[in-house]
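# Close look at the chain arrangement
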Amino acid sequence: MSIESILSIFLGVGLAASVGFRVFVPLFVLSLAAHFQVWELNESWLWIGSLPAVIVLGVATIVEILAYYVPFIDNLLDTIAVPLAAIAGTAIMVSTAIDLSPVFTWALAIIAGGGTAAVIAGTTSATRLASTSTTAGFANPIVSTLETGTSILLAIISIFLPILAIVLVFIIGFIIFKIYRKFKPLKP
């Protein structure tokens, strides 16, 4: 396996983790990176770097970010975020994987891409639910801003520093695990 293949995996996992916070932000960042030839995509996914894709993903990103600031809509989006994140995380992983066999690419995409995105999306949905129930939704804009900022930052780091991105994904995973263990009900 070449260094380019390893970096493409790190990029895919980093962007998939970013998808867990906002579905369209990393897709838009990847689209921009491909459009400006900052990052090379899998041959069958070159369309992501096209100008129409950049525009559509840019508009979708803005709509998604703004929608999370509208009460009720943010909770509605959370109900569909996990399956959408899993699909987008899988797609991102497939699009960034280079020089890998199709079987390995798809297995990695489903497990690492879709799995990472779904776990993080599930955690952010639970965070918003806790925010809504404990603050009557008044803290939700703060939570939304933090999630959007994390998604943007992680997506940009993934494009330019994929090794740092994979380290951050492991740190985020560790934090999620610690939070899960803290709130996991004790067995009698």
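Look up: the structure comes first, before these words.
Below or above, wherever it landed, is the structure these notes cover. (Residues numbered from 1 in each chain as written. Predicted model: local features only at pLDDT ≥ 70, side-chain atom pairs only at ≥ 80, totals over all residues. Heavy atoms only, no water.)

### Observations regarding the overall build of the protein
Where we set the bar: Per the convention used, a helix needs a DSSP run of H or I reaching at least four residues, while a strand needs a run of E reaching at least two, with both numbered from the N terminus. For the radius of gyration, the atoms used are the C-alpha atoms, and the globule rule reads 2.2 Å times the number of residues raised to 0.38. For every residue, the accessible area obtained with a 1.4 Å probe (protein chains only) is divided by the maximum for its type, and the residue is called buried under 20%, exposed over 50%, and partly exposed between those limits. Contact between two residues is taken to exist if any of their heavy atoms lie within 4.5 Å; hydrogens are not considered.
The helix and strand inventory of the protein stands at 7 helices and 0 strands. Reading the protein from its N end, one meets helices and strands in the order α-α-α-α-α-α-α. Relative to the 2.2 N^0.38 estimate, which gives 16 Å for 188 residues, the radius of gyration of the protein is 16 Å and therefore close to what a compact globule would have. Expressed along its principal axes, the backbone C-alpha trace of the protein runs to roughly 50 × 40 × 25 Å. Counting only residues that meet the buried cut, the protein has 46% of its 188 residues in that class. Put simply, of all contacts in the protein between residues at least 6 apart along the chain, 72% involve residues at least 24 apart.

### Focus: the layout of surface pockets
Convention followed: The way it works is a 1 Å grid over only the protein atoms, where trapped points that fit a 1.4 Å probe form a cavity and open points with protein on both sides within 12 Å along at least five of seven lines form a pocket, and then any residue with an atom within 4 Å of a point lines it. Grid points are joined across faces, edges and corners, and a volume is the space filled by probe spheres set on the points. Under the convention adopted here, Pro, Cys and the residues Ala, Val, Leu, Ile, Met, Phe, Trp and Tyr are nonpolar, Asp, Glu, Lys and Arg are charged, and Gly plus all remaining residues are polar.
For the largest pocket, the calculated volume is near 500 Å³. Along its surface, the largest pocket is lined by 16 residues, and Thr123, Thr124, Thr127, Ile176 and Ile179 are the ones closest to its centre. For the lining of the largest pocket, the secondary-structure elements that each account for two or more residues are α5 (102-135), α6 (140-160) and α7 (162-183). Element by element, the count of residues in the lining of the largest pocket is highest for α5, at 6 residues. In terms of residue class, the lining of the largest pocket is built from 11 nonpolar, 4 polar and 1 charged.

### Considering the pattern of salt bridges
What counts, and what does not: Basic side-chain nitrogens of Lys or Arg form a salt bridge, by our definition, when they fall within 4 Å of a carboxyl oxygen of Asp or Glu.
Using the criterion set out here, one finds 3 salt bridges in the structure. Residue Glu147 is joined to Arg22 by a salt bridge in which the shortest nitrogen-to-oxygen separation is 3.0 Å. Pair noted here: Glu147 is in helix α6 and Arg22 is in the loop between α1 (3-19) and α2 (24-35), with a separation of 125 residues, a long-range link. Neither Glu147 nor Arg22 differs from the other in exposure class; each is buried.

Purely spatial values, then, with no claim about function.
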